[in-house]
Amino acid sequence: MKDYTVAILGATGAVGTQMLTCLEEQEFPVGTIKLLASARSAGKTLKFRGEDVVIEEATPAAFEGCDIVLGAADDAVAKQLLPAAVEAGATVVDNSHAFRMDPDVPLVIPEINADDVAWHKGIIANPNCATIIALVPTWPLHQLAGVKRMIVSTYQAASGAGAPGMAELEAQIKAMGSGEAIPEPKAFAAQLVSNLIPQIGGFDDEGYTSEEMKLQNEGRKIMHLPELAVCCTCVRVPVLRSHSESITLEFERDITLDEAREALATAPGVKLVDDRSAESAHDRFPMPIDTSDQDLIWVGRLRRDISNPNAARGITFWCCGDQIRKGAATNAVQIAKLLVK
Ligand SMILES: NC(=O)c1ccc[n+]([C@@H]2O[C@H](COP(=O)([O-])OP(=O)(O)OC[C@H]3O[C@@H](n4cnc5c(N)ncnc54)[C@H](OP(=O)(O)O)[C@@H]3O)[C@@H](O)[C@H]2O)c1
């Protein structure tokens, strides 16, 4: 197999550093790695396969000779720099929101729509992290009974706001533990420790946030379901890593709990942890503390939606997944692997 020249744009961030580990773990055929970040990081080093790699300032010229570019920077940087990567002949897998809803850009979760990679025109987008964590377990149930409506509440970790979000929560936890004044929040709209913040992104005219609408808009594109109806509430919680979600699904056709359980137990990318009689809470249901730093979406608390007038068509469950891994870096490297297969 050929070895590829791979660049990471945003290599020093929460997602970028995780990408380095994922490339190693998934044994991606990297010949040369280029680490790109802002001018602030140029000259510093990060380790790849045990060797120090010097970080370069990201400029359009830096993409010369690259086969694959993994984007792990914000929307503005992605829009400004990634078209130059495509011009230089690279294929881009981008984690930002910048290109996700562009009709010329496939939006891919490999467990669901790997075939969409085939029609890319230089850029493939990685979906929003909460969207990936919701859809990986929803997909096998959709295949059984056709999902038509989703009601979702998310419990999103501080590191979903990147390295600065993680650092802010850690500093607040430390201050609280030592009795010092809690530092003024910068990454979040309010103090996160001992609190919940029910706003991620800006509000639209209906009062939904941009993060909440991503699940409907991206879900429709990924699952090829233009009519999918989603009502979502996104909440930032004082957890360092791993998003959790409460998901209620309404189906076109009847589905039994046994069928749902069997489908989830064998679905790629899913781990079923659903044993009400287990002695330890860790075996009874998924929790973010258990799902951090691994690649599966854990699903539990599977039960009927007793509020649905047609009880055979409603199922509700809880799931947790590491949003820096499967919600970002792992998914991006899985997409890149589809490109070199
Ligand atoms: N965190 C998550 O859980 C998560 C999940 C899914 C998707 N995403 C998306 O992934 C992307 C990265 O998120 P993150 O959480 O990793 O953010 P982050 O920790 O804040 O990292 C941002 C990265 O972008 C680089 N950067 C900033 N300004 C730049 C510039 N002008 N030119 C080149 N590079 C620049 C930073 O480099 P310096 O260190 O030099 O500043 C850093 O490497 C975002 O689009 C985010 O929405 C994040």
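Residues numbered from 1 in each chain as written. Predicted model: local features only at pLDDT ≥ 70, side-chain atom pairs only at ≥ 80, totals over all residues. Heavy atoms only, no water.

### Notes on the domain arrangement of the chain
Okay, step 1: Entries for the chain in the domain assignment read domain 1 (4-127 + 328-340) and domain 2 (131-323).
Okay, step 2: Centre-to-centre separation of domain 1 and domain 2, based on C-alpha positions: 25 Å.
Okay, step 3: Listed by partner, the interface residues are 19 residues for domain 1 and 21 residues for domain 2.
Okay, step 4: Of the roughly 1,600 Å² buried between domain 1 and domain 2 on both sides combined, carbon and sulfur atoms contribute 63%.
Okay, step 5: Counting every contact that joins domain 1 to domain 2 gives one salt bridge.
Okay, step 6: For Glu 218, the salt bridge goes to Arg 100, with nearest N and O atoms at 3.1 Å.
Okay, step 7: On the surface where domain 1 and domain 2 come into contact, there are eight residue pairs in polar contact (both at pLDDT 80 or more).
Okay, step 8: If you list the elements that add at least two residues to the side of domain 1 that touches domain 2, you get helix 1 (14-25), helix 3 (110-113) and helix 10 (325-340).
Okay, step 9: Class assignment of the residues belonging to the side of domain 1 that touches domain 2 gives a composition of eight nonpolar, six polar and five charged. (Domains from an automatic or database assignment. Contact = heavy atoms within 4.5 Å. Buried area = accessible area lost by both parts, 1.4 Å probe. Salt bridge = Lys/Arg side-chain N within 4 Å of Asp/Glu carboxyl O. Polar contact = N/O pair within 3.5 Å; in protein donor to acceptor, adjacent residues only side chain to side chain. Helix = DSSP H or I, 4+ residues; strand = E, 2+ residues; numbered from the N terminus. Nonpolar A, V, L, I, M, F, W, Y, C, P; charged D, E, K, R; others polar.)

### A look at the sheet that holds strand 13 (residues 314-321)
Okay, step 1: Spatial ordering of the open sheet is given by 9-8-10-13-12-11, a layout of six strands whose pairing is mixed. Two strands lie at the open edges of the sheet, namely strand 9 (229-236) and strand 11 (270-272), each paired on one side alone. Here the strands of the sheet are splayed against their neighbours by 25° on average, with no regard to which way each runs.
Okay, step 2: Relative to strand 12 (residues 297-304), strand 11 runs parallel, the two sharing three bridges. Paired with Val 270 across the bridge in strand 12 is Ile 297.
Okay, step 3: Each of strand 8 (147-156), strand 10 (243-251), strand 11, strand 12 and strand 13 touches helix 4 (residues 129-145); the most contacted strand, strand 10, lies at about 30° to it.
Okay, step 4: Its contacts with the sheet put helix 6 (residues 210-223) on strand 8 and strand 9, and the angle it makes with strand 9 is roughly 135°. (Pairing = 2+ DSSP bridges. Axes fitted to C-alpha atoms, helices over the stretch in contact; angles between N-to-C directions.)

### Some thoughts on the sheet that holds strand 3 (residues 45-48)
Okay, step 1: The sheet built from seven strands is open, its strands ordered 3-4-2-1-5-6-7 with mixed pairing. Edge positions in the open sheet fall to strand 3 and strand 7 (123-125), since each of these has one partner strand only. Taken over all neighbouring pairs, the strand axes of this sheet differ in orientation by 30° on average, direction set aside.
Okay, step 2: Those strands touched by helix 1 are strand 1 (4-9), strand 2 (30-37), strand 3 and strand 5 (68-71), and its axis lies near 25° from that of strand 3.

### Focus: the site of the ligand
Okay, step 1: In the neighbourhood of the ligand, 27 residues make up the surrounding shell, with Thr 12, Ser 38, Arg 40, Ser 41 and Ala 73 lying closest.
Okay, step 2: Contacts to the ligand include Gly 13, whose backbone N or O atom sits 3.1 Å from an oxygen atom.
Okay, step 3: In the model, a nitrogen atom of the ligand is placed 2.9 Å from a nitrogen or oxygen of the Ser 159 main chain.
Okay, step 4: Protein chains bury 79% of the 900 Å² of accessible surface belonging to the ligand in isolation.
Okay, step 5: In this structure, the ligand is accommodated by the largest pocket.
Okay, step 6: Residue contributions to the shell around the ligand peak at three residues, all from helix 5 (residues 162-178).
Okay, step 7: For the shell around the ligand, a count of residues per class yields 13 nonpolar, twelve polar and two charged.
Okay, step 8: Taken together, domain 1 (4-127 + 328-340) and domain 2 (131-323) each give at least three residues to the shell around the ligand, which thus spans both. (Near = heavy atom within 4 Å. Areas by Shrake-Rupley, 256 points an atom, 1.4 Å probe, with all protein chains shown as cover. 1 Å grid on protein atoms, 1.4 Å probe; cavity = no way out; pocket = protein on both sides within 12 Å on 5 of 7 lines; lining within 4 Å. Sits in = over half its atoms within 2 Å of the grid points.)

### Section: the pairing of strand 13
Okay, step 1: A large share of strand 13 lies buried, amounting to seven of its eight residues.
Okay, step 2: Summarising the sheet, strand 10 and strand 13 pair through eight bridges and their orientation is antiparallel. By the bridge assignment for strand 13, Ser 244 is matched with Cys 320.
Okay, step 3: In terms of strand pairing, strand 12 meets strand 13 through five bridges, oriented antiparallel. Directly across from Arg 304, in strand 13, lies its bridge partner Ile 315. (Buried < 20%, exposed > 50% of the residue type's maximum accessible area, 1.4 Å probe, protein only.)

### Side note on the packing of helix 4 against helix 10
Okay, step 1: With their axes 8 Å apart at the nearest point, helix 4 and helix 10 run at an angle of 90° to one another. The angle between the axes of helix 4 and helix 10 places the two elements in the roughly perpendicular class. From helix 4, Cys 129, Ile 132 and Val 136 reach across to helix 10, where they touch Lys 326, Gly 327 and Asn 331.
Okay, step 2: Classifying every residue of the contact of helix 4 with helix 10 by side-chain character gives three nonpolar, two polar and one charged. (Parallel < 35°, antiparallel > 145°, perpendicular 65-115°, else oblique.)

### Notes on the environment of Pro 185
Okay, step 1: You can see Pro 185 is positioned in the loop between helix 5 and helix 6.
Okay, step 2: C-alpha of Pro 185 to C-alpha of Glu 168: the two residues are 17 residues apart in sequence and 7.1 Å apart in space.
Okay, step 3: In contact with Pro 185, other than residues within four places in its own chain, are Glu 168, Gln 172, Ala 190 and Gln 191.

### Things to note about the nonpolar core
Okay, step 1: Val 69, Leu 141, Met 150 and Phe 317 are the most contacted members of the largest nonpolar core, which totals 57 residues.
Okay, step 2: If we ignore the near neighbours within four places in the chain, the residues touching Leu 141 are Gly 146, Leu 249, Phe 251, Ile 255, Ala 260, Ala 263, Leu 264 and Phe 317.
Okay, step 3: Counting residues in hydrophobic clusters, the runner-up holds 29 residues, among them Leu 35, Val 108, Ile 335 and Val 340. (Core = buried A, V, L, I, M, F, W, Y, C linked by side-chain atoms within 4.5 Å.)

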